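Take a look at the letters that make up each chain.
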Amino acid sequence: MWNNQRFRVTLTVTLSHQLLKMTLLVLNKGDSTMSFTCLLHTYFQLPDVALASVSNLKGLSYIDKTRKSETFIEERDLLRIDGFIDSIYQNTPSQHKISGLARGKTIVLEKDNLPDTVIWNPWEKGLHMDDLGDNYLHMLCVEAGRVSSAIELQPKESFTASQSLSIG
């Protein structure tokens, strides 16, 4: 899978009172160019996924993996989940708000050097997943990443990106 590529990946997690920050550092230790994509998987537990929403996606192009990976433009002000979703939003802003959490809380997701945002909920397909079952109705993945195009690192170059989650 890695074609004998030499690299180092460091994930630094910083926790404070109401902030979780994850910083990803990838260093190409080899003698040739390396290519990769990355995605920070964040699964949010919700009282009811149908009541949740994600902000700052309107007007953005996205690849809908549930519809033959065709590209569409998001027209909704707030993305709400009412079925199977597996979409890669491209060139997204640095901040999204995920609402509909327990006790009416909102999570603010802020990201740096991660231009894509993936939204995923398997809906009824979750019933066939050993680790999910009917909990698909109570979860949503909002994932910061770089998956639309690969990152190319020359020898000795590094890539750094981060994601912060806070209660808004």
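A. Here's a closer look at the sheet that holds strand β10 (residues 95-99). The strand order across the open sheet formed by 7 strands is β1-β2-β14-β11-β10-β5-β8, and the pairing between neighbours is antiparallel. This sheet does not close on itself; its edge strands, each paired only once, are β1 (7-16) and β8 (79-80). Bridge analysis of β10 against strand β11 (residues 106-112) gives 5 bridges, and the strand direction is antiparallel. Residue pairing across strands places Gln95 opposite Glu110, the latter belonging to β11.

B. Local environment of the pattern of salt bridges. One pass over the structure, following the stated rule, counts 5 salt bridges. Ionic pairing is found between Asp31 and Lys156, a salt bridge with its closest N-O pair at 3.9 Å. Highlighted residues: Asp31 in the loop between β2 (19-28) and β3 (34-40) and Lys156 in the loop between β13 (139-153) and β14 (158-167), separated in sequence by 125 residues. Taken as a pair, Asp31 and Lys156 share a single burial class, namely exposed.

C. Structural detail: the pairing of strand β9 (residues 85-89). Of all the 5 residues making up β9, 5 are buried; the element is thus mostly covered by neighbouring parts of the structure. Burial of the side chains of β9 extends over both faces: Ile85, Ser87 and Tyr89 are buried on one face and Asp86 and Ile88 on the other. Of the pairings in the sheet, the one linking strand β6 (residues 61-64) to β9 comprises 3 bridges and is antiparallel in character. Looking at the pairing, Tyr62 lines up with Tyr89 of β9. The sheet contact formed by β9 and strand β12 (residues 116-121) spans 5 bridges and is antiparallel.

D. Structural context of the side chain of Ser55. Of note, Ser55 is situated in the loop between β5 (53-54) and β6. Polar side-chain contacts of Ser55 include one of 2.8 Å to the backbone nitrogen of Lys97. Not counting chain neighbours up to four residues away, the residues in contact with Ser55 comprise Leu78, His96 and Lys97.

E. Structural context of the environment of Phe72. Note on placement: Phe72 falls in strand β7 (residues 70-73). Take Phe72: its relative accessible area is 22%, and that puts it in the partly exposed class. Residues Phe72 and Ile88, spaced 16 residues apart in sequence, show a C-alpha to C-alpha distance of 10 Å. Apart from residues no more than four positions distant in its own chain, Phe72 is found in contact with Leu60, Ser61, Tyr62, Asp64 and Arg67.

F. Just the pairing of β14, in detail. Where burial is concerned, most of β14 is hidden: 7 out of the 10 residues are buried. Looking at chain direction, β2 and β14 are connected through 9 bridges and run antiparallel. Bridged to Thr23 within β14 is Ser162. As defined by bridge partners, β11 adjoins β14 across 6 bridges and the pair is classed as antiparallel. Across the sheet, Leu109 pairs through a bridge with Leu165, a residue of β14.

Thresholds, definitions, all that
Residues numbered from 1 in each chain as written. Predicted model: local features only at pLDDT ≥ 70, side-chain atom pairs only at ≥ 80, totals over all residues. Heavy atoms only, no water. Pairing = 2+ DSSP bridges. Helix = DSSP H or I, 4+ residues; strand = E, 2+ residues; numbered from the N terminus. Salt bridge = Lys/Arg side-chain N within 4 Å of Asp/Glu carboxyl O. Buried < 20%, exposed > 50% of the residue type's maximum accessible area, 1.4 Å probe, protein only. Polar contact = N/O pair within 3.5 Å; in protein donor to acceptor, adjacent residues only side chain to side chain. Contact = heavy atoms within 4.5 Å.

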